[in-house]
Amino acid sequence: MSALVQRRAWPADLREPGRDLVLELVVDGRVRAGRLVAGALHLLDDDPELPALAALAVEPGAVVVGHRAGRRAVVRRADGTFAKVARRSAARRALARLAAVDALLADEPAAAPARPEVVEADPGVGGVVLAAAEGTPLDEVVARGSAEECRRAGLLLGRAVPVLATAGSAPTAGDGAWPSHTLEDEAATTRRWTSAAAAAGVLGPGDAAALAARQERALAALAALPAAERVPAHRDLHEGQVLVRSDGVALLDWDTAALADPAADAANLLAHLDRLAAAPPCGRTTGRRRVVAAAAGLQAGLREGGHPSTTDPAGAARTDVLREVASVRLVAVHAFRRRPWVPG
C-alpha cells in the first residue's frame, strides 16, 4: 500500500464554496496533486491547466516540490534552478510584476529586499525558470535558530519592508503591472475564505460562530479606517516567503504584488507570526520564544525604517486593524490544512 501524507489543502473554488477540495500530497516520497470530490480522493497524473509541467517533471534529476492542481507548481531542476509553472495569464502577470518591482527597487538602499532572478521564461506555456535564491528560509530560522538569530532575522526583514512602500518613482494606480488592492478587496478576500471554511465544515459549530463574530468586528473596524494612499506592497508576506541572508533578506513570490494599504505587508507578517507562535510545535515554550524574538526584531526593524506602524499612533492602529483581518483569514486558511482529509 502506498505511503500517503497530506501536506496542504485548498477549497476547489473560493468563489463557489463547497466541500470539494484541491490537495497537495506526498505519495511514496513524491509530491502529487489530488482532488477530493464528493468525499473520494483522485490522484492526478497530469494537469492540463499547466501544460509546461509534464515535460519539466520528467527531466533527469527534476523534483516536483509543490503542486496545486490547476493553479501552480514548482519543480527543482537538476542544475539547481527552480521552474515555476502557472496558467499562461498568471505567468505573464507574475513576470510583469517582478519586472516592475525590479525597476522600482533598482536604485534603492542596501536594505531593499533581493528578488528572484529570472533565468528564462516562456509565458506562452506558463513556465518561468528562476535562479536558486541565496538565504535561509525564515521558517527554518524560527524552527531551529537561537532567539538571537531569530531576532536578527526579524530585524533584517523589518528594515526591508518600508523600503518597498517608500521607494522613489512610485507607480500610479492603473499601471498594468501594479494592480490596485483596496480595503474592500481585503474584506472580500477574507469573507471568501471564511465562507469556504464554513461550507467545507472545517470548523466546529462553536468555532465557526466565534470566527464569524470576530470577522464582523474586524471588518467593521476595517471599513471605518480613513482613506490612505496605496503604496507598492508584496501582499503575500509570510515566514515561508522570506530568505534570510548575512546582509539582508530576499523575498519570494511577487505574483500578487500590488498597490495596497501602507500597513498591509507589516500587518500580514505580524499576523503570520501570531499564528506561528500559537501553533504546534511553536506553541511550546521554546518555540514561542523564538517566534516572539523574530516578531520583536521585526518591530525594531520597522522602527528603523520609519514604518508608520511604529512612528505614528494612527499608523499603529491601522496596522492593528489589518493584522486582525489577516488573522481571521488565516484561521480559515489553516483550518483546511489541519484537518486530515486523507489517511496519513
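Our subject is the structure that appears above.
Criteria and thresholds
- Residues numbered from 1 in each chain as written.
- Predicted model: local features only at pLDDT ≥ 70, side-chain atom pairs only at ≥ 80, totals over all residues.
- Heavy atoms only, no water.
- Helix = DSSP H or I, 4+ residues; strand = E, 2+ residues; numbered from the N terminus.
- Rg over C-alpha atoms; globule rule 2.2 N^0.38 Å.
- Buried < 20%, exposed > 50% of the residue type's maximum accessible area, 1.4 Å probe, protein only.
- Expected span 1.5 Å × (residues − 1).
- Contact = heavy atoms within 4.5 Å.
- Salt bridge = Lys/Arg side-chain N within 4 Å of Asp/Glu carboxyl O.
- Pairing = 2+ DSSP bridges.
- Axes fitted to C-alpha atoms, helices over the stretch in contact; angles between N-to-C directions.
- Parallel < 35°, antiparallel > 145°, perpendicular 65-115°, else oblique.
- Left-handed = near helix turned anticlockwise from the far one by under 90°.
- Nonpolar A, V, L, I, M, F, W, Y, C, P; charged D, E, K, R; others polar.
- Lys, Arg positive; Asp, Glu negative; His and termini not counted.

Enquirer: Would you mind showing me how to read the overall build of the chain here?
Expert: Along its length, the chain carries 10 helices and 14 strands. Its C-alpha radius of gyration of 20 Å places the chain within 12% of the 20 Å reference for a compact globule of 344 residues. Dimensions of the chain, computed from the C-alpha atoms along their principal axes, are close to 55 × 50 × 45 Å. Counting all 344 residues of the chain, 47% fall into the buried class.

Enquirer: When you look at helix 2 (residues 88-105) in this model, what are you seeing that I'm missing?
Expert: Along an α-helix, residues three or four positions apart point the same way, because every turn accommodates 3.6 residues. The terminal C-alpha atoms of helix 2, which comprises 18 residues, lie 26 Å apart, in line with the 26 Å expected from a rise of 1.5 Å per residue. Its buried side turned inward, helix 2 meets strand 7 (82-86), strand 8 (118-122), strand 9 (127-130), helix 4 (147-166) and strand 11 (231-233).

Enquirer: Sorry, what's going on with the pattern of salt bridges here?
Expert: Where side chains of opposite charge bring their charged atoms close, a pairing between them can arise. Summed over the entire model, instances satisfying the criterion amount to 16 salt bridges. When the shortest N-O distance is used, the salt bridge between Arg-77 and Glu-59 registers 2.8 Å. Linking Arg-77 in the loop between strand 6 (72-76) and strand 7 with Glu-59 in the loop between helix 1 (53-57) and strand 5 (63-68), this pair joins segments that are 18 residues apart in sequence. When its relative accessible area of 17% is taken as the criterion, Arg-77 is described as buried. Classification of Glu-59 by relative accessible area gives partly exposed; the value is 25%. Close ionic contact of Arg-329 with Glu-186 constitutes a salt bridge, the shortest N to O distance being 3.0 Å. Here the residue Arg-329 occupies a position in helix 10 (residues 313-338), and Glu-186 occupies one in helix 5 (residues 183-200), the gap between them amounting to 143 residues. Here the two residues Arg-329 and Glu-186 agree in accessibility, since each one is buried. If you follow the salt bridges from partner to partner, you end up with Arg-7, Arg-8 and Glu-24 in one network.

Enquirer: Could you clarify how one ought to interpret the pairing of strand 6 in this entry?
Expert: Successive residues of a regular strand alternate their side chains across the two faces of the sheet. Side chains Ala-73 and Val-75 of strand 6 all project onto a buried face; the interleaved residues Arg-72, Val-74 and Arg-76 project onto a face where none is buried. Pairing analysis gives five bridges linking strand 5 to strand 6, with the strands arranged antiparallel. Residue pairing in the sheet places Arg-68 in a bridge with Arg-72 of strand 6. Hairpin connection from strand 5 to strand 6: three residues lie between these consecutive antiparallel strands, with Gly-70 at a positive phi of about 80°. Turn length for the strand 6-strand 7 hairpin, with the two strands adjacent in sequence and antiparallel, is five residues, and the turn residue Gly-80 shows positive phi of about 90°.

Enquirer: Would you mind showing me how to read the packing of helix 7 (residues 264-278) against helix 10 here?
Expert: Packed helix pairs are specified by the crossing angle of their axes together with the interaxial distance, meaning the distance between the axes. In contact at an axis separation of 8 Å, helix 7 and helix 10 are set at 50° when each is read in the N-to-C sense. Classified by the interaxial angle, the pair formed by helix 7 and helix 10 is oblique. Once helix 7 is placed against helix 10, the crossing between them reads as right-handed. Here Ala-264, Ala-267, Asn-268, Leu-270, Ala-271, His-272, Asp-274 and Arg-275 of helix 7 come into contact with helix 10, specifically with Thr-319, Leu-322, Arg-323, Ala-326, Ser-327, Arg-329, Leu-330 and His-334.

Enquirer: What should I look at first to understand the sheet that holds strand 6 in this one?
Expert: Consider a sheet: its strands pair through backbone hydrogen bonds, and that pairing is either parallel or antiparallel. Sheet architecture is open: five strands sit in the order 5-6-7-9-8, paired in antiparallel fashion. Every other strand in the sheet has two partners, leaving strand 5 and strand 8 as the edge strands with one partner each. Averaged over all pairs of adjacent strands, the angle between strand axes in this sheet comes to 15°, irrespective of strand direction. Pairing geometry for strand 6 and strand 7, over five bridges, is antiparallel.

Enquirer: What is the right way to read the packing of helix 5 against helix 6 (residues 205-223) from this model?
Expert: Two elements in contact, helix 5 and helix 6, have axes whose closest approach is 11 Å; the angle formed by their N-to-C orientations is 175°. Here helix 5 is positioned roughly antiparallel relative to helix 6, judged by the angle of their axes. Of the residues in helix 6, those in contact with Leu-183, Glu-186, Ala-187, Thr-190, Arg-191 and Thr-194 of helix 5 are Leu-211, Gln-215, Glu-216, Leu-219 and Leu-222. When its residues are assigned to classes, the contact of helix 5 with helix 6 shows five nonpolar, three polar and three charged.

Enquirer: Explain unusual backbone geometry here, please?
Expert: Residues other than glycine predominantly adopt negative phi, and peptide bonds predominantly adopt the trans conformation. With a phi angle near 50°, Ala-38 is a residue other than glycine that sits in the positive phi range. Within the element layout of this structure, Ala-38 appears in the loop between strand 3 (30-37) and strand 4 (40-43). Taking the relative accessible area as the measure of exposure, Ala-38 reaches 73% and is therefore exposed. One non-glycine residue with positive phi stands out, namely Asp-253, at about 55°. With respect to the element layout, Asp-253 can be found in the loop between strand 13 (249-251) and strand 14 (258-260). For Asp-253, a relative accessible area of 32% puts it in the partly exposed group.

Enquirer: Help me understand the side chain of Arg-68 in this model?
Expert: Counting through the fold element by element, Arg-68 comes out in strand 5. Within the buried set, Arg-68 has no salt-bridge partner at all; the shortest N-O distance to an opposite charge, 8.6 Å, is to Asp-13. With near-sequence residues (within four places) excluded, Arg-68 lies in contact with Trp-10, Val-22, Glu-24, Asp-47 and Leu-50.

Enquirer: Would you take a moment to explain helix 7 for this structure?
Expert: Over its 15 residues, helix 7 runs 21 Å from end to end, which matches the ideal 21 Å to within 8%, given 1.5 Å per residue. When you tally the buried positions in helix 7, you get 12 out of 15 residues, the bulk of the element. Residues of helix 7 that are buried: Ala-264, Asp-265, Ala-266, Ala-267, Asn-268, Leu-269, Leu-270, Ala-271, His-272, Leu-273, Leu-276 and Ala-277.

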